[in-house]
2 protein chains.
Amino acid sequence: MAYNRRSFIKTTTIFTFGGLAVPQLTNAKMKGILPKQGLKLSFEPYNLQLKHVFTLANSSRTTTPVMLTKIEFDGFTGYGEASMPPYLGETQKTAAKFLSGLNLEQFTDPFRMDEILEYVDNKAPQNNAAKASVDIALHDLVGKIIGQPWYKIWGFSSENTPVTSFTIGIDSREVVIEKVKEAAEFKILKVKLGRENDKNMIEAIRSVSDVPLCVDVNQGWKDKNMALDMIFWLKEKGIEFVEQPMPKELTNEIAWLTENSPLPIIADEAIQRLPDVKKTIGIYSGINIKLMKCTGMREAHKMVNLAHANQMKVMIGCMTETSCAVSAAAQLSPMAEWADLDGNLLISNDPYSGIKIVNGKVTLNNNPGIGISIS
Amino acid sequence: MAYNRRSFIKTTTIFTFGGLAVPQLTNAKMKGILPKQGLKLSFEPYNLQLKHVFTLANSSRTTTPVMLTKIEFDGFTGYGEASMPPYLGETQKTAAKFLSGLNLEQFTDPFRMDEILEYVDNKAPQNNAAKASVDIALHDLVGKIIGQPWYKIWGFSSENTPVTSFTIGIDSREVVIEKVKEAAEFKILKVKLGRENDKNMIEAIRSVSDVPLCVDVNQGWKDKNMALDMIFWLKEKGIEFVEQPMPKELTNEIAWLTENSPLPIIADEAIQRLPDVKKTIGIYSGINIKLMKCTGMREAHKMVNLAHANQMKVMIGCMTETSCAVSAAAQLSPMAEWADLDGNLLISNDPYSGIKIVNGKVTLNNNPGIGISIS
C-alpha cells in the first residue's frame, strides 16, 4: 500500500482502506456556509519500525502496526493513534472497519466528550485501541481549542512526572548488556522476564549497572511458590516492583503472592478498562494503565482516580507507539507513581515529536492538547 | 459590621475581619513590574436572608452566614463562597481565620490546581466550607482563563442536567400547602421528615399535588423496622428515594434498610469527603455530594466518578447558598442522577446570577468558569 504519511498528517485527504471510504467535508461546508459543521475523522495505517527485535515471553517482532487518526473541526486538527501489537487482537483492518463505521459528523461540539466517546464505545464491543485513537484525537482537538495541554487542564504540575522505565527485552547476555549500556540515561529499567533465563538476565544487567530495575513477567511464572522465591531473590538484586508475575486467571495465587511479597505486585494483563480496577483490589498492589487497552485518556483518568481512592498504585504504560499516543499518556503521568513511556524511543520512524525523556524523567511541554508537533 | 458588598465583588479592596488583615498586592506588582505575580485571595462575610424560616429536624433559622471569596490573577477574577449553616461547625470567624492563614501569592500558575488545593487542604484539618470557597474561586478563575464553563471542560453535555428538587421544610399543614403551591414549577419536591408529623406532611402535600417527591429524614428515624414500614408507606405515596433515614452511625441498620427497602437510600450526613464514599458502598444506594462538605468541585468530581464506578447513584446537593456556590455545583450536575440545587432560590439577597431552573431542570449557561455574573 502506497501512501504519503506527511500528506495525511498535514492535509485533509480522502482516504480509503480495504474498500472503506471516509466521507469528506466539501469546501462549502469547511468554509462554514452550512451552519453546523461536524467533527471530521480520518485515519491512515502506518507501520512502526522497531530499532531492536522486540522479544516478550511468547513472541518476537520487528514492526508494530498502528493507525494514525485525525479529527478536524473549525480549523483545528487533533491527532490520535491506535497501536496494535499482534497479541492484543486488533489489526489495521479491524481498526479501519471500526473507524469507518463511526459518524462523528453528527457531533457539532467537540467539548461534548462524554457523549461522543460514549457513542464511540457503544458502536461495537472491543476495538479498544481503535477507540483510543478517537479519544486521543478528540482530546488533542479540544486541548488545542482551549489552548492548553491536558496536564494543565487536569490541574497537574509538570514537575510531578515520574521517571520512566526503559524496557530491556529478553535476549542473549551480550545483547542485554549492550542495551543496558545504551540506556544509561534512564533511572529505572524494566526487564522482561518469564522464561528459562530470568536469573541470567538480571545477573547480566547487574554485571554492568546498579540502576534500579522493575520486572515484567507477562504472566510467565506458573507456580506461586517459585514466583515468591524468585521475588525474594529479585529484591536482593535491587528490583523495585514486579508486573504481572502469573497468569491473570490465577487470582487466588496472585493475591497470596501480593500478601507475601516483599515487592509491590502490579497488574498488567489483568487490567484493561475501568471496571477491571475493582477486580484488582486486594489482589494486586497497583495497576498498569495503557491507553490502548482502556480506550483512551478519558477512561484512563478515571482509572487513576479510582485506583488511588482504593490505595492502589498506578503506572502509566504504553505499547510501541509514536510520540502521539505516548505524549497523550504522558499528560496523565503527573498523577502516577510510575511511568513506562518509552514506546516512541523504540521506533525509528516517529512521525511526531512530543514529550521528551530528560535525565530519565518524563518531561512535558506546553504545547496545547497532547503536546505534539509534526517532526 | 458595615461593608459594601458590590465594592467587594467588583473591586480589589483591603479587607479586615476580626483583626485579621489580608495582604494586598501593590500597584507595581499588579502592573506586572515584578516578573511573577501570585494568586491574590480576598474574602468578605455576607449574611444570606432566607425567604422562609428554614426548619430541619433539629433547628430553625432565618439567615445563613456565608463567606464570599475572590481570587485575582492576571486581570481575571474568580469568585467563590463558603456557606456555613450553623449545624456544620464553621463560622465566618473560623473561615476568616483559615483563609487569612493561606498564602496563595506563592502560586504563580493557577492551573496547578492539584498542588494549590493540596496546600489549602493540608493547611489545617476540617474547614471544609472555607476550603471549598478557595476551590470554587480557583475553578472560576481557571475556567475564565480557559474561556469555557467547567461542565464543558469536563466534557459533559448541558442537556443531561437532572431536574432539581425544591425543598419543603417542616412546617404546619397550611404553610406546607402554601409552599407546595409556590413550587409548582418543580418536577420533584424534597420533603424534610424526621419528626412526629411525617405522615401529615406527606398527606398535606398529596392533598394539593401529585408531583414526585423525595424525602430527607436528616437522621431522624431511630428504629429500622419503623423506618422500613414508613418507607413502604412512602412508596405508596409516590416518593422516589429516601435520604439519610437513620443516624449515620447505625451502619448495620441502614445496610439492612437499604437491602429491604423498595426505594433507594441515599447517604447525606454519612458522607463528606472522597474517602467516605468507600464507606457507603454496600450500606447505601447512593450519595449526596455537597461542595461545602467535600472541599469543592475538584474533590466532588472525583467522588462522582468513584461512586459511579461502584454502581452508586449520585445527587449533587447544596446548602442555602448564593448563585455562586450553586452554579459551581451545577457544573457537575450533568453527571448526577439527581440534583438538589435550590439553595439560591431560598434567599432574597443573592449578589450573583448564575444557573437557572427552567421547568424544574438545572439549566447551565455558557459563561466561562462557574457561569455566574454579578447581579
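Residues numbered from 1 in each chain as written. Chains lettered and ligands numbered in written order. Predicted model: local features only at pLDDT ≥ 70, side-chain atom pairs only at ≥ 80, totals over all residues.

Colleague: Can you lay out the environment of Thr167(A) for me, pointing to particular residues and giving the numbers?
Modeller: Residue and element names in this part refer to chain A. Within the secondary structure, Thr167 sits in strand β6 (residues 165-168). Placed 92 residues apart in sequence, Thr167 and Glu259 show a C-alpha to C-alpha distance of 27 Å. Apart from the residues within four sequence positions on either side, Thr167 is in contact with Lys190, Lys192 and Asp342. (Helix = DSSP H or I, 4+ residues; strand = E, 2+ residues; numbered from the N terminus. Contact = placed C-beta atoms within 7 Å.)

Colleague: Tell me what's going on with the confidence of the model for chain A, and back it up with residues and numbers.
Modeller: The predicted coordinates ought not to be read in detail in places where the model reports low pLDDT. Residues and elements named next belong to chain A. Chain-level statistics for chain A give a pLDDT mean of 91 and a share of 91% at 70 or above. Residue range residues 13-32 is modelled with pLDDT below 50. Its contacts to residues more than four positions away, or to other chains, number 27 contacts. Interface confidence for the predicted complex, expressed as ipTM, amounts to 0.86; the pTM equals 0.89. (pLDDT = per-residue confidence, 0-100.)

Colleague: Hey, could you go over the pairing of strand β12 (residues 313-317) of chain B for me, with residue numbers and the actual values?
Modeller: For a regular strand, side chains alternate in direction, first toward one face of the sheet and then toward the other. All names here are of chain B. Among the 5 residues of β12, 4 are classified as buried, and the element is accordingly described as predominantly covered. Here 5 bridges tie strand β11 (residues 286-290) to β12, and the two strands are oriented parallel to one another. Bridging across to β12, Gly286 finds its partner in Lys313. Direction of pairing for β12 relative to strand β13 (residues 338-339): parallel, over a ladder of 2 bridges. Pairing of Ile316 across the sheet is with Ala339, part of β13. For the crossover from β12 across helix α14 (residues 323-330) to β13, the handedness is right-handed. (Buried ≥ 20, exposed ≤ 12 C-beta atoms within 10 Å, placed from the backbone. Pairing = 2+ DSSP bridges. Right-handed = clockwise from strand over helix to strand, strands pointing away.)

Colleague: Can you lay out the relation of the copies chain A and chain B for me, pointing to particular residues and giving the numbers?
Modeller: Superposition of chain A onto chain B requires a rotation of 180° combined with a translation of 0.0 Å along the rotation axis, giving an RMSD of 0.0 Å. The operation mapping one copy onto its partner corresponds to a two-fold rotation axis. Interface overlap between copies is the fraction of interface residues in one copy that are interface residues in the other; for chain A against chain B it reaches 100%, indicating a shared surface. (Least-squares fit on C-alpha atoms with pLDDT ≥ 70 in both.)

Colleague: Quick rundown of the sheet that holds strand β7 (residues 188-192) of chain A? Include the residues and the values.
Modeller: All names here are of chain A. The 8 strands lie next to each other as β6-β7-β8-β9-β10-β11-β12-β13, forming an open sheet whose pairing is parallel. Single-partner strands in this sheet number two, and they are β6 and β13 (338-339). Across 4 bridges, the pairing between β6 and β7 is parallel. Within β7, the position partnered with Thr167 by the bridge is Lys190. Of the strands in this sheet, β11 (286-290) and β12 (313-317) are in contact with helix α13 (residues 297-309), which crosses β11 at around 175°. (Axes fitted to C-alpha atoms, helices over the stretch in contact; angles between N-to-C directions.)

Colleague: Describe the domain arrangement of chain A, and please don't skip the residues or the numbers.
Modeller: Buried accessible area, meaning the area lost when the parts come together, often serves as the stated size of an interface. All names here are of chain A. Once the domains are mapped, chain A shows domain 1 (5-147) and domain 2 (152-374). Look at where the C-alpha atoms of domain 1 and domain 2 centre, and you get two points 25 Å apart. Among the secondary structure elements, those contributing two or more residues to the side of domain 1 that touches domain 2 are α1 (5-10), β3 (40-55), β4 (60-73), β5 (76-83), α4 (113-123) and α5 (128-146). The dominant element in the side of domain 1 that touches domain 2, judged by the number of residues it contributes, is α5, at 12 residues. Residue classes in the side of domain 1 that touches domain 2 are distributed as 17 nonpolar, 11 polar and 9 charged. (Domains from an automatic or database assignment. Nonpolar A, V, L, I, M, F, W, Y, C, P; charged D, E, K, R; others polar.)

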